[in-house]
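Structure at a glance
Next come the chains, spelled out residue by residue.
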Amino acid sequence: MKTTFTQDDKNFVMAFEGRLDTSASSQTEREMQVLNDCEGHNIILDCSQLEYISSSGLRLFLGLLKTAKQKGSQVTIKGLNNGIRQVFDEIGFTRLFNIE
């Protein structure tokens, strides 16, 4: 699992590459801390290179959404493949997140 963080004036962007499974979730959680700490920026999760996400990864996304909303930020998820989008549909994440 590889993550890449970038920032511009309005957005914090984290790109995910590979498999966000249970074994990768602890490291990914540490790398996502910068997103949990942000204020005044919206967050974009670029999942165009994400191959798989486990329940541990889904929990990270949901925790981030909760923190961001408390700080007045929005979370947008971009680039979901069909399999991951189907999971997001089934568990209701497409109603919680901005999906592009």
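Scroll up to find the structure.
Nothing here was measured: the structure is a model prediction, and the numbers come from that model.

1. Details of the environment of Gln 27
Tracing the backbone through its elements, the reader meets Gln 27 in helix 1 (residues 22-36). Distance in space between the C-alpha atoms of Gln 27 and Asn 82 is 25 Å, their sequence separation being 55 residues. Among the polar contacts listed, one links the side chain of Gln 27 to the side chain of Glu 31, at a separation of 3.0 Å.

2. So, the nonpolar core
For soluble globular proteins, nonpolar side chains are generally found buried alongside one another. Leu 45, Phe 61 and Phe 88 are the most contacted members of the largest nonpolar core, which totals 25 residues. Among the secondary structure elements, those contributing two or more residues to this core are strand 2 (11-20), helix 1, strand 3 (42-53), helix 2 (55-70), strand 4 (75-78) and helix 3 (82-91). Those residues within four positions of Phe 61 in sequence are excluded, and the remaining contacts are Phe 16, Leu 20, Met 32, Leu 45, Cys 47, Ile 53, Ile 77, Phe 88, Phe 93 and Phe 97.

Criteria and thresholds
Residues numbered from 1 in each chain as written. Predicted model: local features only at pLDDT ≥ 70, side-chain atom pairs only at ≥ 80, totals over all residues. Heavy atoms only, no water. Helix = DSSP H or I, 4+ residues; strand = E, 2+ residues; numbered from the N terminus. Polar contact = N/O pair within 3.5 Å; in protein donor to acceptor, adjacent residues only side chain to side chain. Core = buried A, V, L, I, M, F, W, Y, C linked by side-chain atoms within 4.5 Å. Buried < 20%, exposed > 50% of the residue type's maximum accessible area, 1.4 Å probe, protein only. Contact = heavy atoms within 4.5 Å.

Geometric values such as these leave the question of function open.
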